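Chain residues, written in single-letter form:
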Amino acid sequence: MDKLPVEYRWALNAEDRPVPITLAQRGERYTCPLCRNAMVARLGAQLQHHFGHLTTNRCNSEAVSIAALRRWLAMHLDQALNERRAMPFTWQCALCNQTHSQNLLENVSHVLEELLNAPESPDVRLTDAQGTQRAAFYILGEGMPLPQSLQQSVGQGSFAFALSAALLPESDDLVAFLATLKPSAAPCPLWDDPAVVRQPERLRRLLINLANRPPYYFFGAVETIDGLVDVVRVGRYRVWAAFPFWQRVVGGTLNRLSPDVEIFIQNWDQPDGGTIYLYYVRIRETRAIALRRYPLHSAPSLRVDDRYRLLRFTALDMARELVSK
Ligand SMILES: [Zn+2]
Ligand SMILES: [Zn+2]
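Computed from a predicted structure; not experimentally measured.

What follows is about the domain arrangement of the protein chain. You can read the domains of the protein chain as domain 1 (10-59), domain 2 (63-179) and domain 3 (196-324). Computed from C-alpha coordinates alone, the two centres of domain 1 and domain 3 are separated by 56 Å.

Next up, the structure:
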């Protein structure tokens with residue numbers, strides 16, 4: 001079915017700068033970012049504007065887009081960094097529902113471009129003087145899944161963006177281009193509080209500590225507290241318990257009691273032979289977590305009566321039921 005001519009949306013100009021077809025000019029000399037052969041901008045009225053190779057035609061169009069968009073991003077970020085220009089960015093925070101603004105180049109010392117096409121590596125990264133990642137840009141081809149490393153950066157205090165390889169900047173203004181993006185992950189000032197537990201290892205330790213002190217069980221609702229979304233209050237801590245995060249850090253097997261009643265159950269064996277059972281409960285709009293420690297040779301009886309069918313029965317009711325009896 002390879003009948004249409006392959007159309008390219010990017011090329012390099014005579015100064016080796018990536019140019020999207022939206023900004024191409026008649027009569028300029030262009031080359032392909034992948035094979036370096038000559039390209040021409042076809043800006044006629046008949047077809048949608050595109051670049052074409054003058055001779056060969058073997059480059060993958062999407063690979064050309066990814067290579068060029070990556071270069072374009074890295075080049076503009078590097079230029080702004082060298083000229084000490086700010087890169088203001090405003091976004092709607094998924095962690096607290098508020099709007100935040102920040103200079104994307106704040107504390108940034110390096111712009112790193114990934115040239116090996118490693119699927120888990122960001123295409124462009126911004127790091128501080130110590131090498132800590134502050135922002136990551138992933139350029140994704142059609143149908144490519146979100147890389148795991150991107151998903152794991154959610155809630156961890158740095159920016160991550162997933163960009164479609166089909167994106168074409170309308171101008172060479174990176175600030176305007178960035179304004180069209182929604183971050184997959186972003187820092188949150190409310191989140192930067194030692195009383196907020198949002199690091200995987202810290203969450204695991206806190207859960208184990210809870211299970212190891214009297215009364216050896218805990219349950220709590222997942223709710224919005226002080227503006228923070230999807231947290232559980234544990235003493236003076238607010239513990240992040242958005243479901244994808246819980247699933248990654250704790251995991252568990254799904255038990256579905258009815259279409260809108262789900263319990264995810266995990267168990268962690270302890271060095272002394274005991275076991276901690278951990279639950280994530282979803283009932284209609286409500287969610288809760290629960291855990292309980294069992295000594296060696298004993299396990300919970302997972303019999304629940306059918307009160308969960310009552311509309312007023314919440315995930316917290318179920319969580320209490322599961323561990324406090
Ligand atoms: Zn080429
Ligand atoms: Zn926030």
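Counting residues in hydrophobic clusters, the biggest one holds 81 residues, and the most contacted among them are Tyr279, Val281, Ala288, Ile289, Ala290, Leu291 and Ala319. A per-element tally of this core places helix H1 (residues 61-82) first, with nine residues.

If a strand is regular, its side chains alternate between the two faces of the sheet. Counting buried residues in strand E11 (residues 159-164) gives five out of six residues, a clear majority hidden from the surface. Sheet topology places strand E10 (residues 133-140) next to E11; six bridges connect them, and they run parallel. The residue bridging Leu140 from the neighbouring strand is Ser164, located in E11.

Below, the discussion takes up the pairing of strand E6 (residues 88-92). With five bridges connecting them, E6 and strand E7 (residues 99-103) associate as antiparallel partners. Of the residues in E7, the one forming a bridge with Thr90 is Ser101.

Another aspect to go through is the environment of Asn13. Position of Asn13 among the secondary structure elements: in the loop between strand E1 (10-12) and strand E2 (18-20). Put simply, Asn13 and Pro33 are 20 residues apart on the chain and 9.6 Å apart in space, counted from C-alpha to C-alpha. Among residues more than four places away in sequence, those in contact with Asn13 are Val19, Glu28 and Tyr30.

Before going further, it helps to examine the sheet that holds strand E13 (residues 217-221). Read from one edge of the open sheet, five strands run E13-E20-E19-E18-E17, paired in antiparallel fashion. Unpaired on one side and paired on the other, E13 and strand E17 (253-258) mark the two borders of the sheet. If you compare each strand with its neighbour and ignore which way they point, the axes differ by 15° on average. In the sheet, strand E18 (residues 261-269) pairs with strand E19 (residues 275-283) via nine bridges, with the strands oriented antiparallel. From the neighbouring strand, Phe264 faces E19, where its bridge partner is Tyr280. This element, helix H4 (residues 200-211), spans E13, E19 and strand E20 (286-294) of the sheet and lies at about 60° to E20. Across the sheet, helix H6 (residues 315-324) is in contact with E13, E19 and E20; its angle to E20 comes to roughly 5°.

The rules we used
- Residues numbered from 1 in each chain as written.
- Chains lettered and ligands numbered in written order.
- Predicted model: local features only at pLDDT ≥ 70, side-chain atom pairs only at ≥ 80, totals over all residues.
- Domains from an automatic or database assignment.
- Core = buried A, V, L, I, M, F, W, Y, C linked by C-beta atoms within 7 Å.
- Buried ≥ 20, exposed ≤ 12 C-beta atoms within 10 Å, placed from the backbone.
- Helix = DSSP H or I, 4+ residues; strand = E, 2+ residues; numbered from the N terminus.
- Pairing = 2+ DSSP bridges.
- Contact = placed C-beta atoms within 7 Å.
- Axes fitted to C-alpha atoms, helices over the stretch in contact; angles between N-to-C directions.

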